[in-house]
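Chains, contacts and geometry: an overview
Letter by letter, the chains look like this.
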2 protein chains.
Amino acid sequence: MATGREIAQLCGVSVATVSRVFNQPETVNEETRERVLRVAKELGYQPNESARALSTKQSTMIGLVWDTDHRRPGWRHPYLQDLLIGLKSALSAHGYHLLMLATSGDAREVGASLADPVGYVNMTRRHHLGGLVLIDSGSDAEAFEAFAQSGVPCVALDVAVDGPKATYVTSDNEGGARQATSHLAALGHTRIATITGPPGNQPSEARVSGYRKALAEAGLPVRDEHIVAGDFYRTSGTLAVQRLLALDEPPTAVFAASDEMAVGALLAARAAGLRVPDDLAIVGFDDIEIASVVDPALTTVAQDKPGFGVAAAKAIMAMITGGGREDPVILPTRLVVRDSCGS
Amino acid sequence: MATGREIAQLCGVSVATVSRVFNQPETVNEETRERVLRVAKELGYQPNESARALSTKQSTMIGLVWDTDHRRPGWRHPYLQDLLIGLKSALSAHGYHLLMLATSGDAREVGASLADPVGYVNMTRRHHLGGLVLIDSGSDAEAFEAFAQSGVPCVALDVAVDGPKATYVTSDNEGGARQATSHLAALGHTRIATITGPPGNQPSEARVSGYRKALAEAGLPVRDEHIVAGDFYRTSGTLAVQRLLALDEPPTAVFAASDEMAVGALLAARAAGLRVPDDLAIVGFDDIEIASVVDPALTTVAQDKPGFGVAAAKAIMAMITGGGREDPVILPTRLVVRDSCGS
DNA sequence: CGTTTCACCGTAAGCGGTTACATCACCGTA
DNA sequence: TACGGTGATGTAACCGCTTACGGTGAAACG
């Protein structure tokens, strides 16, 4: 590992000049600059990031807080991979890396978990992280709020937070749900039910809100018994439909707040001997892989998956360089009409 | 941010003693040790990792090399999320973090891509990474070999590599394929085809090998026209089945080397008016989410998804602390019998 | 021709830890 | 009493980079 000092000696300049060549190139004479760069390249010089971070008190890393909530075992983020792809590539463009912070359960006390946001915040200080990206794992609104208040730049995904240097990015959940429900209404359905996510989950509540608005717009009544609580898991979709079908006036259409639940609903309908979409129309939310392969293929509200990562990266970079708080980002959704809703 | 020096002053000791309290506790008097620890806790002391890394020339981070191969656009790792969960939690247990290294396409030249393993290796030196975990994104055997030869500790997933401090973890692909194929044979099928992954892909080739062995064991002939090349994508499964059905003696069963292709095969069979499993039995590989929800539910070979991450973490930690090369890890697979193969 | 300006560069003091080595008090032993 | 051994701690160099500050010489100015 060649160091700046070695380059300096070979070039007959001081280490300060070498440093300047990389950080404020315009302040050094073109000739010496090129000499330094050439030698640096020859030696395969790689700046020592630890030294740099020690000196500047900032690294080129962003922390990723992603903890599988113990209250929701088995829960999987619907599109983590696309999100990471977007996040990583957008951060790369700024020369930043993503540090997946260790979670709790460590004997050596390096731990941190959503139950203890302080641990994560400590980590960001230890490593001079530029900021934190918070991935929702179900219902961590309170914990996320603590991050936001801590003063470290952070952007939460799918959870609305507020703080001196905090913002969030989320889909237009209300709009998406509204569009989905309206589509069902336009198809002639008058008894449209919905299966919600877990209580307290913000995207879920926005979706319920969109559902209500669509019904109102279509002049349809909102029936409490047509709003049944799920938890985003597939099973809850099945259970919900069983409950709905037992009603005196069962719905002819269902808007599920997640594709997983929509699939569960599909299974329940099939088990009950109903044809989808003829006897029961179903619309989901997310547009995950599964949506296009179930039979009938799921009509669903697609989210801009890589867009989440890109928007998060932009927001965090803006906060790091700008310093102030950024506006929340609401990503547009798109209704993908397939077969499960009829047409 | 309290520093070691502050603690030292408050305790009336030197910084060296403070450092020793955390690194070699046994060498410092119990009384002063407790005093230091108490003050450290009161001040919320967090050791500066940059300084530590600068001094010790090693950080507590492992690099993650995960690049979506440009030759395989749209490719998704079948179970990245579970893998990451396993990896992260196992690394946490050793106090290590996962650094997702930035990929190429950066104006500032920090770049690195699979086409240029050197870039990644440089990154590991810059950041004093303990090692690298290489995630296969299709067919990077050559690039991975370069990593393995570079001398940095690294463990590859699903690609056999060899080097002074390199090893790999993979599933028992041959065994899994063999079991799947044997199961089909035991069901009475005599014309069993297979859809392979992309040429050069090691898991794919091992699966073909297992397929061949199973046929041999069952006393069935291996027909070249029954081995059709796919690329792990769904579409290739569809195409393959179309080709197979056009044969003079079409197969009555198909072993697909990935669930995605199995789903594609399912679609093709359905489109051709065939019933699955009656007219065509299908078995997949991976046991991804989709497998259990398609109709009929897919019989498939399940991989130990979190086990990958855990094994990788163990191997890399062993190489870091031990120094030498570790034995490759072959994870057992498990045949999950559902509906697509008949019974 | 003295003085100011400016581009360029070197000096040196950090940043916050780790650790080889020195120091010192205190003990047991010959 | 002199001496070696031992446990506990301090001293100071070092890791490699950044940057405030000062110095130099040449050009520009009055």
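Thresholds applied
- Here, residues in each chain are numbered from 1, in the same order as that chain's written sequence.
- Written order decides the labels, with chains lettered from A and ligands numbered from 1.
- Reporting in this predicted model follows two pLDDT cut-offs: at least 70 for local features of residues, and 80 or more for side-chain atom pairs to be given and counted; totals over whole chains, interfaces and linings ignore these cut-offs and use all residues.
- With hydrogens and water stripped out, all remaining heavy atoms of the structure feed into the side-chain values.
- Only strands that DSSP links by at least two bridges are regarded as paired with each other.
- Think of it this way: any DSSP run of H or I at least four residues long counts as a helix, any run of E at least two long counts as a strand, and we number them from the N terminus.
- Here, axes are lines fitted to C-alpha atoms. For helices the fit covers the stretch in contact, and angles between N-to-C directions go from 0 to 180 degrees.
- By definition in these notes, contact holds between two residues if any of their heavy atoms fall within 4.5 Å.
- Buried area, as used here, totals the accessible surface that two parts lose on assembly, with accessibility defined by a 1.4 Å probe and the loss added over both.
- For this analysis, a salt bridge means a side-chain nitrogen from Lys or Arg found within 4 Å of a carboxyl oxygen belonging to Asp or Glu.
- Throughout, exposure labels follow a simple rule: accessible area from a 1.4 Å probe, protein chains only, divided by the maximum for the residue type, with under 20% read as buried, over 50% as exposed, and the rest as partly exposed.
- What sets the superposition is a least-squares fit of C-alpha atoms, and only residues with pLDDT of at least 70 in both copies go into it.

Moving on, we come to the sheet that holds strand β2 (residues 97-100) of chain B. Strand order in this open sheet of twelve strands is β11(A)-β5(A)-β4(A)-β3(A)-β1(A)-β2(A)-β2(B)-β1(B)-β3(B)-β4(B)-β5(B)-β11(B), and the pairing throughout is mixed. Looking at the sheet topology across the chains shown, the edges are occupied by β11 (329-331) of chain A together with β11 (329-331) of chain B. Across this sheet, the average inter-strand angle for adjacent strands is 20°, counted without regard to direction. In this fold helix α7 (residues 141-149) of chain B packs onto β1 (61-65), β3 (131-135), β4 (154-157) and β5 (166-171) of chain B, with an angle of close to 170° to the strand it touches most, β3(B).

The next point concerns the interface of chain A and chain B. At the junction of the two partners, chain A supplies 53 residues and chain B supplies 54 residues. Interface area for chain A against chain B, summed over the two sides, is near 5,100 Å², with a carbon-plus-sulfur share of 57%. Taken together, the links from chain A to chain B amount to nine salt bridges. A:R126 is the partner of B:E49 in a salt bridge, and the nearest nitrogen-oxygen pair spans 3.2 Å.

This paragraph deals with the pattern of salt bridges. The final tally for this structure, using the stated rule, is 27 salt bridges over all chains. Between A:D82 and B:R76 there is a salt bridge; the shortest N-O distance is 2.6 Å. Taken together, the residues span two chains, with A:D82 in helix α5 (residues 80-92) and B:R76 in the loop between β1 and α5 (80-92). Of the charged contacts in the structure, one is a salt bridge between B:E49 and B:R52, with a shortest N-O distance of 3.6 Å. Within this pair, B:E49 and its partner B:R52 are both found in helix α4 (residues 49-56), separated by three residues, close to a single helical turn. One network of salt bridges, with partners in common, ties together A:E49, A:R52 and B:R126.

Residue placement: B:I85 occurs in helix α5. Relative accessible area serves as the criterion here: at 21%, B:I85 is assigned to the partly exposed category. Between the alpha carbons of B:I85 and B:I282 there is a distance of 30 Å; along the sequence they are 197 residues apart. When neighbours within four sequence positions are excluded, B:I85 is seen to be in contact with A:W66, A:T68 and A:R76.

A rotation about some axis, followed by a shift along it, carries one copy of the chain onto the other. With an axial shift of 0.1 Å and an RMSD of 0.1 Å, the rotation relating chain A to chain B amounts to 180°. Such a turn and shift between the copies fits a two-fold axis. When the interface residues of chain A are mapped onto chain B, 100% of them are again interface residues, pointing to one common binding face.

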